[in-house]
Amino acid sequence: MIRSILIIEDDRFIGEMYVRTLKHQGYDVDWMVGGNDGLIAAINRPYDLILLDIMLPEKKGTEILRTLRGGDKDLVPNSKIIVLTNFDQDEESRTMIEHNVDAYLIKAEITPRKLLEIIHNMDNDALTQITP
Amino acid sequence: MEVTPTPNQPVKQSQKPVLQMRDYWSRYRAIVIVSVCLMQLTIICIVAMALIIGGAKPASMLFWITVCATTLASVPLNLYLTMQLLVPLRDLTNTITNAAGEKPRLPLANPNTPRYESDGFGRFLQYIYDGSATKDAPSKDSADSPNELLAAALKNTRAGVIVMNAKDGRVVFANKNAPVRLDINEQPELELMFNPEGLLSDWLDHCRNTAVHAEKTWYRVANRIVGDTERRIFNVSANYEKGSAAEVVLVTFDATDKYQPEDDDLDFIAFAAHELRGPITVIRGYLDVLDIELEGTLAPDQQQLIQRLIVSANRLTGYVNNILNASKYDRRHLRIHLSEETVTGVYDSIKDDMELRASSQSRLLAVTFPADLPSIAADRTSLGEVIANLIDNAIKYSNEGGSIAVNATTEGSFVRVSVTDHGIGMPSNVVGNLFQKFYRSHRSRETFAGSGIGLYISKAIVESHGGSIEVTSREGEGSTFSFTVPVYASVADKLQANDRTNAGLISSSEGWIKNHSRFKS
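Worth saying up front: this structure is predicted, and the values here are computed from it rather than measured.

Counting its regular elements, chain A contains five helices and five strands. Helices (α) and strands (β) of chain A occur, in sequence order from the N terminus, as β-α-β-α-β-α-β-α-β-α. Residues classed as buried in chain A amount to 52% of the 132 residues present. Across chain A, contacts joining residues at least 24 apart in sequence account for 58% of those joining residues at least 6 apart. Approximately 6,100 Å² of chain A is accessible, and the part contributed by carbon and sulfur atoms is 48%.

The structure is reproduced here in structure tokens:
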């Protein structure tokens, strides 16, 4: 059951949009703007879900993902990760993202309602991988 | 009447009407038909006589039935058989007529048809084609000055002239202004990016296998990708003449001046669209937030206002996506990642949006997919955009209260999805241009709805799936747009050869679907 959610997103409008929607639905939400802060927060507290933007100041989302899940040990074994991306990256990053996340969402396509639906589906079927 | 004799034509002939070679066949055929009929009737008469002599009663019913039945059966049969046997003669006279320089009345025979290849007759035709082709060349060489003139003309003309070998597509001649470059072996090769890529080679294959003479024109063919300073855009006219010394001739006309401004526009729009994306995402997002948070507190008309805002924002997103995709496609950067999907699944991803769009504009949207539809190989987002474009189009060109039907059927190893409206329809001369970039029908030019890019990019997306898109329309009755995509099982092997399935996505890279590789950046 997803209760706690960490959002790592630098765009103030987009970040607030997700925070507001998720809080409205009763989730426990933390929001980090920078890549470094985001990484520390993700490791320090076992969130149920991490929403990760790719284009971030200080540290890119792909680097955070590599640190969290790219090594031998999964640093966030209890967290699900959803990446927000426009897939403007190269093929290598794309592959890395596809291998290490539970779902990814096309940033320009996603709306709060769809995000809620996806989180809902994750709860309903924890084993199924969801793509947008 | 006095006729001046020319060296080639003796006076004798010109006093009578000159019998042209191309008229021979029809005269001969008439003679054959008459002869066969006469002969057959004679035979029947003889048989009838014999019967009468043999004791049959000429007045009896049976006698006349026998005679009539024999006549009816044997004359057409005999005629049919004779005409079949005469086909090689027809083709032979026709081919020789052509070789002699007269314009034949019938289409020229193809020596590569299975019949002629198997019985060896094709070689006769081929011999005549070859012979007439080699005969042409020296006749032009006979005078020196026209040759020099020709060389100078080829050098000076702004048009590019390219002669190609039909067998392997090699360039054997190119003039100064032709879009050719040297490949790694220092051999000249065509520097044109047909779109889709195989357009020219497919046409050549087609000509080689089935045609004797063929012509074709392509518009808006660029030599380099967008952004390259050497980029030129051509109209290309191609000519195929079987057996000729110059079998394939391409003439290119530089139309950069005409097309470049449009492309510059598109570049600018693409840039602008990219910038628009961020704010639109925020607008859509916050509309959603408002919609969720205000649920149950708004008056029905206020709720409708919110719905209209959402619909408009979604449509705007669609247009922006079309423009961005089109600019990516033109740069060969459009990425299509095929995986196993269902038509229902693809439609579900746009369902809410489509229903909202249809209902807010008073259209009835009837979507029915058969339950036993096989899964397809598709890129969900891209294919969703295609269906959305077609539905959007149907809404745009139908009347309020009109119904729009979305259906799917299985066609061999493809699934066909169709969108039918009962709107204004189009005359047939419009239909052929529909899928061109910036094309808008005669009527839609007056309104500002749409950029004329939705169908262009839909076609590109569908073709990059390995499918095709088409339209049937009747003016005043409505249109049906439909497209095909491959059934997943029919391409699964090829997809899995490139296994990167962890996130449920499979990338296809090596052009297993024709023309597919160009979408890789």
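Here we take up the environment of Phe194 of chain B. All names here are of chain B. With respect to the secondary-structure elements, Phe194 resides in the loop between β4 (188-190) and α7 (199-210). Judged by relative accessible area, which is 5%, Phe194 ranks as buried. Phe194 sits 25 residues away from Tyr219 along the chain, and the two C-alpha atoms are 9.5 Å apart.

A contiguous patch of negative charge on the surface is contributed by Glu117 of chain A together with Asp348, Asp352 and Glu355 of chain B. The biggest single contributor to the negative patch is helix α10 (residues 343-360) of chain B, with three residues. When you line up the elements, Glu117 of chain A lands in helix α5 (residues 112-124). A residue is classified by how much of its surface remains accessible, and Glu117 of chain A, at 45% relative accessible area, is partly exposed.

Time to look at the sheet that holds strand β4 (residues 80-85) of chain A. Residues and elements named next belong to chain A. Read across the open sheet, the five strands follow the order β2-β1-β3-β4-β5; overall the sheet is parallel. Of all strands in the sheet, those bounded by a partner on one side alone are β2 (28-32) and β5 (103-106). Taken over all neighbouring pairs, the strand axes of this sheet differ in orientation by 20° on average, direction set aside. Here helix α1 (residues 12-24) sits on the sheet in contact with β1 (4-8), β2, β3 (49-53) and β4, set at roughly 170° to β2.

Residue and element names in this part refer to chain B. Residue Glu186 is not a glycine yet carries a positive backbone phi of 65°. You can call Glu186 exposed: its relative accessible area is 57%. A positive phi angle is found at Arg220, which is not glycine, with a value near 60°. Note that Arg220 resides in strand β5 (residues 213-222).

All names here are of chain B. Within this structure, the stated rule accounts for six aromatic pairs over all chains. With a centroid separation of 5.6 Å and an interplanar angle of 90°, the aromatic rings of Trp203 and Trp218 are classed as edge-to-face. Residue Trp203 is found in helix α7, and its partner Trp218 is found in strand β5; the two are separated by 15 residues along the sequence. As far as burial versus exposure is concerned, Trp203 and Trp218 are alike and both buried. Within the aromatic cluster, the residues linked to one another by ring pairs are Tyr116, Phe121 and Phe124.

Averaged over all residues, the pLDDT of chain A equals 83, while 89% of them reach at least 70. Scored below 50 in pLDDT, residues 127-132 of chain A shows 15 contacts in the model against residues more than four places distant or in partner chains.

Moving on, we come to helix α2 (residues 21-53) of chain B. All names here are of chain B. For α2, spanning 33 residues, the distance from its first C-alpha to its last is 48 Å, which sits close to the expected 48 Å at 1.5 Å a residue. Listing the buried residues of α2 in full gives Trp25, Val32, Val36, Gln40, Ile44 and Ala48. Positioned one or two residues after α2, Gly55 has a phi angle of 115°, which is positive.

Take the packing of helix α9 (residues 300-330) of chain B against helix α13 (residues 454-464) of chain B next. All names here are of chain B. Two numbers describe how α9 lies on α13: the axes approach to 9 Å, and their chain directions differ by 55°. When the axes of α9 and α13 are compared, the pair comes out oblique. Between α9 and α13 the crossing geometry is left-handed. In this structure, α9 uses Asn322, Asn325, Ala326, Tyr329 and Asp330 to contact α13, whose residues at the interface are Gly454, Tyr456, Ile457, Ala460 and Ile461.

What follows concerns the pairing of strand β11 (residues 403-411) of chain B. Where a strand is regular, its side chains alternate between the two sheet faces. All names here are of chain B. Note: strand β9 (residues 364-368) against β11, five bridges, orientation parallel. Each bridged residue has a counterpart across the sheet, and for Leu364 the counterpart in β11 is Ser403. Where β11 hands over to strand β12 (residues 414-421), the hairpin turn is made up of two residues, of which Gly412 adopts a positive phi near 65°.

With that out of the way, let us pick up a nonpolar patch on the surface. On the surface, Met39, Ile43, Val47 and Leu51 of chain B cluster together into a nonpolar patch covering about 330 Å² of accessible area. Since its relative accessible area comes to 44%, Met39 of chain B is described here as partly exposed.

The subject of this paragraph is the pattern of salt bridges. One side chain can pair with another of opposite charge once the charged atoms of both are near each other. Applying the stated rule across the entire model yields 22 salt bridges over all chains. Between Arg113 of chain A and Asp291 of chain B there is a salt bridge, and its shortest N-O distance comes to 2.2 Å. Note that Arg113 of chain A is positioned in helix α5 and Asp291 of chain B in helix α8 (residues 256-293), a pairing that runs across two chains. In this structure, the salt-bridge partner of Arg208 of chain B is Asp205 of chain B, at a minimum N-O distance of 2.4 Å. Taken together, the positions of Arg208 of chain B and Asp205 of chain B, both in helix α7 and three residues apart, correspond to about one turn of that helix.

Residues and elements named next belong to chain B. Spatial strand order, β9-β11-β12-β14-β13: five strands in an open sheet with mixed pairing. This sheet does not close on itself; its edge strands, each paired only once, are β9 and β13 (469-474). Between one strand and the next, the sheet's axes are offset by a mean angle of 15°, whatever the strand orientation. In terms of strand pairing, β12 meets strand β14 (residues 478-486) through seven bridges, oriented antiparallel. Across the sheet, Val417 pairs through a bridge with Phe483, a residue of β14.

About the criteria used
Residues numbered from 1 in each chain as written. Chains lettered and ligands numbered in written order. Predicted model: local features only at pLDDT ≥ 70, side-chain atom pairs only at ≥ 80, totals over all residues. Heavy atoms only, no water. Helix = DSSP H or I, 4+ residues; strand = E, 2+ residues; numbered from the N terminus. Buried < 20%, exposed > 50% of the residue type's maximum accessible area, 1.4 Å probe, protein only. Contact = heavy atoms within 4.5 Å. Areas by Shrake-Rupley, 256 points an atom, 1.4 Å probe, with all protein chains shown as cover. Patch = residues over 30% accessible without salt bridge, like charges linked within 9 Å, V, L, I, M, F, W, Y side chains within 5 Å. Salt bridge = Lys/Arg side-chain N within 4 Å of Asp/Glu carboxyl O. Lys, Arg positive; Asp, Glu negative; His and termini not counted. Charge placed at Lys NZ, Arg CZ, Asp CG, Glu CD. Pairing = 2+ DSSP bridges. Axes fitted to C-alpha atoms, helices over the stretch in contact; angles between N-to-C directions. Phe/Tyr/Trp six-rings, centres within 6.5 Å; stacked < 30°, edge-to-face > 60°. pLDDT = per-residue confidence, 0-100. Expected span 1.5 Å × (residues − 1). Parallel < 35°, antiparallel > 145°, perpendicular 65-115°, else oblique. Left-handed = near helix turned anticlockwise from the far one by under 90°.

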